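Structural characterization, general
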Amino acid sequence: MVHLSVNVNKIATLRNSRGGNHPDLIYLSKLIVESGAHGITVHPREDERHIKKKDVFDLREFLALYNRDKKKKIEYNMEGEPSSRFLDLVLEAKPDQATLVPVTPGEITSDHGFDLKKDSSELKTYIQKIQNAGIRVSIFMETDLENLKLVKDTGADRVEFYTGPYAHAFDHSPEQGKLVFESFKKAAEFLQSEKIGINAGHDLDHFNLPLFSHLPGLEEVSIGHRLMSYALEVGLAASVKEYLKALS
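First things first, this report covers the structure right here in the doc. (Residues numbered from 1 in each chain as written. Predicted model: local features only at pLDDT ≥ 70, side-chain atom pairs only at ≥ 80, totals over all residues. Heavy atoms only, no water.)

**Focus: the sheet that holds strand S1 (residues 3–7)**
To keep things clear, this is the line we draw: In this scheme, strands are said to pair when DSSP sees at least two bridges between them. Here a strand is any run of E in DSSP of at least two residues, a helix any run of H or I of at least four, and the numbering for each starts at the N terminus. Orientation is described by axes fitted as lines to C-alpha atoms, over the contacting stretch for helices, and by angles from 0 to 180 degrees between their N-to-C directions. It only takes one pair of heavy atoms within 4.5 Å for two residues to be counted as in contact.
With parallel pairing, the 8 strands of this closed barrel are ordered in space as S1-S2-S3-S4-S5-S6-S7-S8. Going from strand to strand, the sheet's axes swing by 25 degrees on average, the running direction of each strand aside. Looking at chain direction, strand S3 (residues 75–80) and strand S4 (residues 97–100) are connected through 4 bridges and run parallel. If you follow Glu79 over to S4, its bridge partner there is Thr99. Where helix H3 (residues 53–70) meets the sheet, it contacts strand S2 (39–42) and S3, and its direction lies at approximately 165 degrees from that of S3.

Below you can see the structure in the form of structure tokens.
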């Protein structure tokens with residue numbers, strides 16, 4: 001079964017837009033895992049525009065207590081750029097998985113994978129230090145096979161495929177999505193031959209996941225924005241009705 005890790009950045013974004021603690025990140029993370037999700041993902045950016053440093057440790061404590069009490073294993077995945085800032089945070093928080101992602105200053109969201117011809121040397125250093133702490137490492141990549149041939153040399157345990165191109169093609173038409181999916185399939189088959197694990201994330205949703213879930217070797221998807229957007233759609237009517245009930 002492919003595991004679902006829910007990215008809770010958007011909950012923190014909404015909270016930060018008003019101040020205070022509404023919506024409550026920990027309460028909603030509990031709701032997420034009690035609904036069956038296998039993990040929680042955060043991307044604590046340097047500007048703290050969504051996940052704050054305090055959130056990182058509050059979530060770690062929540063998941064540790066939840067796993068102990070429920071005798072479960074809900075994984076904690078932290079995403080971030082290869083930097084001393086993120087390394088220090090990972091080594092202190094000790095998540096189950098660290099996903100290294102290239103970050104461009106001023107970007108709205110992650111929109112490309114690493115170019116290992118220029119990034120490999122730096123990545124190796126960070127990957128080794130994180131793995132030495134007993135933490136699994138995934139790196140954010142696209143499907144170019146020549147680039148993927150360099151993954152093994154970095155020492156990364158897994159690749160997380162940047163699935164934006166697939167999702168955007170599928171938005172246009174399922175047929176175009178199927179065509180783009182073939183490039184992911186070839187890339188995944190190569191990674192399997194190299195004994196490298198496979199994760200995926202970015203704009204995956206309940207429309208395009210049925211096809212993508214058949215990607216060879218896929219172990220985990222990390223989904224935030226579209227899952228939270230859909231939650232507004234399916235939960236908003238119930239919320240309005242509950243408030244009307246209170247008024248009556």
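**Looking at the packing of aromatic side chains**
Put simply, the test is: Two rings belonging to Phe, Tyr or Trp (six-membered ring only in the last case) form a pair when the distance between their centres is within 6.5 Å. Interplanar angles under 30 degrees mark stacking, angles over 60 mark edge-to-face geometry, and anything in between is tilted. Buried residues are those whose accessible area, probed at 1.4 Å on protein chains only, stays under 20% of the maximum for their type, while exposed residues exceed 50% and partly exposed ones sit between those limits.
The full count for this structure, using the stated rule, is 9 aromatic pairs. Between Tyr166 and Phe170 the ring centres are 5.9 Å apart and the planes differ by 50 degrees, which places this aromatic pair in the tilted class. Taken together, the residues span about one helical turn, with Tyr166 and Phe170 both in helix H8 (residues 164–172) at a distance of 4 residues. Taking the relative accessible area as the measure of exposure, Tyr166 reaches 0% and is therefore buried. Exposure remark for Phe170: the relative accessible area of 15% places this residue in the buried category. For the pair Tyr166 and Phe184, a centre-to-centre distance of 6.4 Å together with 70 degrees between the ring planes defines the contact as edge-to-face. A residue pair is termed long-range when its members are at least 10 positions apart, and Tyr166 in helix H8 and Phe184 in helix H9 (residues 174–193) qualify at 18 residues. By relative accessible area, which is 2% here, Phe184 ends up buried. Through a chain of ring-to-ring contacts, the aromatic side chains of Phe161, Tyr166, Phe170, Phe181, Phe184 and Phe212 assemble into a single cluster.

**A look at the packing of H8 against H9**
What counts is decided by this rule: Our angle categories are set so that under 35 degrees counts as roughly parallel, over 145 as roughly antiparallel, 65 to 115 as roughly perpendicular, and the remainder as oblique. Less than a right angle of anticlockwise turn of the near helix away from the far helix marks a crossing as left-handed, whereas a clockwise turn marks it as right-handed.
One way to put it is that H8 packs onto H9 with a least axis distance of 6 Å and a crossing angle of 160 degrees. Considering the angle they form, H8 stands roughly antiparallel to H9. Crossing hand, H8 versus H9: right-handed. Residues Pro165, Tyr166, Ala169, Phe170 and His172 of H8 lie in contact with H9, whose contacting residues are Pro174, Gln176, Gly177, Val180, Phe181 and Phe184.

**So, the side chain of Asp205**
Quick reminder of the rule: Throughout this description, a polar contact denotes any pair of N or O atoms lying within 3.5 Å of each other; where both atoms belong to protein, one of them has to be capable of donating a hydrogen while the other can accept it, and for residues adjacent in sequence the pair is counted only when both atoms sit in side chains.
Along the chain, the position of Asp205 falls in the loop between strand S7 (197–201) and helix H10 (209–212). At 2.7 Å, the side chain of Asp205 and the side chain of Arg226 are in polar contact.

**Here's the deal with a negative patch on the surface**
Put simply, the rule is: Here a patch means residues that are over 30% exposed by relative accessible area and free of salt bridges, tied together within 9 Å if like-charged and within 5 Å if nonpolar (Val, Leu, Ile, Met, Phe, Trp, Tyr). The method behind every accessible area is Shrake-Rupley, applied with a 1.4 Å probe, and residues are considered shielded solely by the protein chains displayed. By definition here, a salt bridge exists when the distance from a side-chain nitrogen of Lys or Arg to a carboxyl oxygen of Asp or Glu is within 4 Å. Counted as positive: Lys and Arg. Counted as negative: Asp and Glu, with His and the chain ends omitted from the count. Note that the charge is assigned to NZ on lysines, CZ on arginines, CG on aspartates and CD on glutamates.
A surface patch of negative charge is lined by Asp111, Asp115, Glu142 and Asp144. On the secondary structure map, Asp115 appears in the loop between S4 and helix H5 (116–132). What makes Asp115 partly exposed here is its relative accessible area of 31%.

**Comments concerning the pairing of S7**
When you tally the buried positions in S7, you get 5 out of 5 residues, the bulk of the element. Burial along S7 is two-sided: the face carrying Gly197, Asn199 and Gly201 and the face carrying Ile198 and Ala200 are both buried. As defined by bridge partners, strand S6 (residues 158–162) adjoins S7 across 5 bridges and the pair is classed as parallel. Residue pairing for S7: Phe161 is matched across the bridge by Ala200. For S7 and strand S8 (residues 218–223), the ladder comprises 4 bridges, and the chain directions are parallel. Each bridged residue has a counterpart across the sheet, and for Ile198 the counterpart in S8 is Leu218.

**Considerations on the pairing of S1**
Direction of pairing for S1 relative to S8: parallel, over a ladder of 4 bridges. Paired with Leu4 across the bridge in S8 is Val221. Note that S1 and S2 share 3 bridges and pair parallel. For Asn7, the partnering residue across the bridge sits in S2 and is Thr41.

**Overview of the pattern of salt bridges**
Summed over the entire model, instances satisfying the criterion amount to 14 salt bridges. The shortest N-O distance in the salt bridge between Arg85 and Glu81 comes to 3.0 Å. We classify Glu81 as buried; its relative accessible area is 14%. A salt bridge links Glu146 to Lys149, with the nearest nitrogen and oxygen atoms 3.0 Å apart. Each of Asp171, Asp203, Asp205 and Arg226 takes part in one network of salt bridges that share partners.

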